[in-house]
Amino acid sequence: MTSMTKEMGSSSIGESKKKIVNSKAAKEPQMVDTKEERESAAASVSLLDKIQLKIKKMTAPSAVQSGEYFGTPGAGDSRLIGVFSTIFFIAIWAIATEGGFIKPIFLPSPVDVVQRLIDITVDGFAGATLVEHLNASLVRIFGAFLLACLIGIPLGITIGCNRVFRGIFDPLIEFYRPLPPLAYLPLIIIWLGIDESSKVTLIFLAMLSPIVLSARSGVTSVRIEQIQVAYSMGATPWQVITQVIARGAMPDIMTGMRIAIGFGWTTLVAAEMVAAERGIGFMVLNASEFLVTDVVIAGIIVIGIIAYCFDLLMRYLESKLIPWKGYN
Amino acid sequence: MNTLKVCEVSVVYPGSEGGESVTALSDVNLTMEQGDLVVALGASGCGKTTLLNLIAGFISPSKGYLTLGNSKVKGYPRVLCGKEIGDEVTGPDADRGVVFQKHALLPWLNVIENTEFGLKLQGVDKKLRRERAAEYLKLVGLEDFHQHKVYQLSGGMQQRVGIARALTNDPKMLLLDEPLGALDALTRESLQELLLDVWRKTNKMMFFITHSVDEALLLATRLVVMSPRPGRITHQFELNFNQQFLDCRDARQVKSSPEFIAMREKVLAIIHGDELAVA
């Protein structure tokens, strides 16, 4: 009897405590409101203080909504805010340029850029239309990407699984990985000439190291229990590598692929600096030489949009191929 | 008839960077027959997991031998401990299934794919392996969960998939390394009962490691009490509490019987005696 009453007593206390905490969390913002009003009524607060208070309110953790956990950093949907901020920046851009505050040679107006985008899509620029430029660049990037995946993923897994391979390839990869692609571009041109192969090779090399390293670290992230259990079910070493390790390394490999594509876009412009006749990077470079700023900006926007779309595609693939990521 | 023999086995880990070497197991002898459910119990560091890893073939003994099975079935007969016993255990293989405490399921496969994984590795026809896997999933009460993702199951269900997976491979023996250690108390008790049912139905040889004295006493046909520094087997008890449970289906009744309580006190005294001796 006594223990039961004790338990009941303690549980009801616990509940009431919870209620107090909840009501506090719900009331806090209101209390700040009233304080602010009181203060502003009592004494004329300076504008700076007011702004500071507003910022404090925006960054302070708000009351817990249903379906959310208290204290989750950055909880909530930010897409609508993203749309507004994009519109806001374009508006500032438009005001600054259309209002004549900035010369078009430094920053053309959004309308000019869109107009130019249509022009180069229809009539072309520097000897080819936008689609042709884009096509040339995409073939280079995705050709290099495919090659980097085909070579990098098996290589990384082999390095992770085999002492001898690790010994052979580790020094090589660790040496060339931090080098900027521009540093070894001249060498590649000497070796391969100035045609397509040197461009693809440069992008390929930039993409290879993140893929190899991610595949390698993916191998070490596979739990030893998973490997041992597979052996205990009669797996051969080859089966363990292909059916356990390679699959278990997928989350890391996907991350490496995303990073690699990013590297690819950065290296693209460098690759297309050399004797290219087509390519989105070449188009931007060519435009900048003739100070055709609107083409430069149009090109940058196109690269940005395509890179972003590819990242969205990769995220979608991640959710389909490795849905267990984040679970224990 | 399957027999596991652990013969005068010692395991010495070399000390790291000039440190002293550690004797994890010292002169361990153990014999198990088909249908034995041997439970190893002891304070941490007593070499329970080392012994399981030895039997599984994940580590090799510094001294002594392990054999499993009938020498006439395959391989070269070995003469050990004065008798011809069986094949030398040289590494992990499909004849010894392992269930770990956690995290050994493959998250990219669903429940039935995980369960049939061993048969798939051995190239068994898909229809046949599905049938076998479904049979063992039914045995552990997961017949309605074939297509579920394993990472979304509860801990108890995950362990049941692990047990079904090990059994689907039809090993000679099952090695269970604290399989219920990460579960909550209620799930743990229901899985103990399930494991006993599975054991009786399949008549497998099982080697089970646990920290819980109650669990050890309820499950074991033979209880092996181990002691640390160096890891060795100090006591062995033949028990029949599991038979009592299978007869009456009431674990609480078995656990509150005077014999059970007396045995528990005896085992606890041994374990605590060890801890005092170390401290």
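It should be emphasised that the depicted structure is a prediction, and the values quoted were computed from it without experimental measurement.

**As for the confidence of the model for chain A**
Residues and elements named next belong to chain A. For chain A, per-residue confidence averages 82 on the pLDDT scale, and residues scoring 70 or more make up 82% of the total. Per-element mean pLDDT across chain A ranges from 46 in helix H1 (residues 2–42) up to 94 in helix H5 (residues 130–161). Taken as a whole, residues 1–32 scores under 50 in pLDDT and shows three contacts with residues more than four places along the chain or in a different chain.

**Some words on a nonpolar patch on the surface**
Residues and elements named next belong to chain A. A grouping of Ile95, Phe101, Ile102, Ile105, Phe106 and Leu291 is seen on the molecular surface, where their side chains present a nonpolar patch of about 680 Å² in accessible area. Mapped onto the elements of the fold, Phe106 is located in the loop between helix H3 (79–98) and helix H4 (110–122). For Phe106, a relative accessible area of 65% corresponds to the exposed category.

**What to know about the environment of B:Leu153**
All names here are of chain B. Secondary-structure assignment places Leu153 in the loop between helix H4 (126–139) and helix H5 (155–168). Taking C-alpha positions, Leu153 is 9.3 Å from Val111, a pair spaced 42 residues apart along the chain. When near neighbours in sequence (up to four residues on either side) are disregarded, Leu153 contacts Val111, Phe145, His148, Gln158 and Val161.

**Some remarks on the interface of chain B and chain A**
On the chain A side, the residues contacting the 24 residues of chain B number 20 residues. Contact between chain B and chain A buries roughly 2,200 Å² in total, counting both sides, with carbon and sulfur atoms accounting for 65%. Looking at the side of chain B facing chain A, the largest losses of area belong to B:His103, B:Trp108 and B:Leu121, adding up to 35% of the total buried there. Summed over the shared surface of chain B and chain A, the result is zero salt bridges. Remark: the boundary between chain B and chain A carries four residue pairs in polar contact (both at pLDDT 80 or more). Broken down by secondary-structure element, the contributors of at least two residues to the side of chain B that touches chain A are strand E8 (96–99) and helix H3 (117–121) of chain B. A per-class count over the side of chain B that touches chain A returns 13 nonpolar, six polar and five charged.

**Some thoughts on the nonpolar core**
Of all hydrophobic cores here, the largest spans 101 residues; its most connected members are A:Met207, A:Met257, B:Val6, B:Leu51, B:Ile55, B:Met173 and B:Phe207. Among the elements that make up this core, the one with the highest residue count is H5(A) (11 residues). Excluding anything up to four places from it in sequence, B:Leu51 contacts B:Val6, B:Leu25, B:Val28, B:Leu30, B:Phe207 and B:Met226. Ranked by size, the runner-up nonpolar core spans 52 residues in total, among them B:Val150, B:Leu174, B:Leu195 and B:Phe208.

**Some thoughts on the confidence of the model for chain B**
Residues and elements named next belong to chain B. Looking at chain B, pLDDT values average 83 and 90% of them are 70 or higher. Scored below 50 in pLDDT, residues 71–83 shows 23 contacts in the model against residues more than four places distant or in partner chains. Across the predicted assembly, pTM comes out at 0.77 and ipTM at 0.87.

**Describing the side chain of B:Arg165**
The topology assignment puts B:Arg165 in helix H5. Of the side chains with opposite charge, A:Glu225 lies nearest to the buried B:Arg165, which makes no salt bridge, at 10 Å. Apart from the residues within four sequence positions on either side, B:Arg165 is in contact with A:Val229, A:Met233, B:Ala104, B:Leu105, B:Leu106, B:Asn114 and B:Thr115.

Here is what the cut-offs are and how they apply
- Residues numbered from 1 in each chain as written.
- Chains lettered and ligands numbered in written order.
- Predicted model: local features only at pLDDT ≥ 70, side-chain atom pairs only at ≥ 80, totals over all residues.
- Heavy atoms only, no water.
- pLDDT = per-residue confidence, 0-100.
- Helix = DSSP H or I, 4+ residues; strand = E, 2+ residues; numbered from the N terminus.
- Contact = heavy atoms within 4.5 Å.
- Patch = residues over 30% accessible without salt bridge, like charges linked within 9 Å, V, L, I, M, F, W, Y side chains within 5 Å.
- Areas by Shrake-Rupley, 256 points an atom, 1.4 Å probe, with all protein chains shown as cover.
- Salt bridge = Lys/Arg side-chain N within 4 Å of Asp/Glu carboxyl O.
- Buried < 20%, exposed > 50% of the residue type's maximum accessible area, 1.4 Å probe, protein only.
- Buried area = accessible area lost by both parts, 1.4 Å probe.
- Polar contact = N/O pair within 3.5 Å; in protein donor to acceptor, adjacent residues only side chain to side chain.
- Nonpolar A, V, L, I, M, F, W, Y, C, P; charged D, E, K, R; others polar.
- Core = buried A, V, L, I, M, F, W, Y, C linked by side-chain atoms within 4.5 Å.
- Lys, Arg positive; Asp, Glu negative; His and termini not counted.

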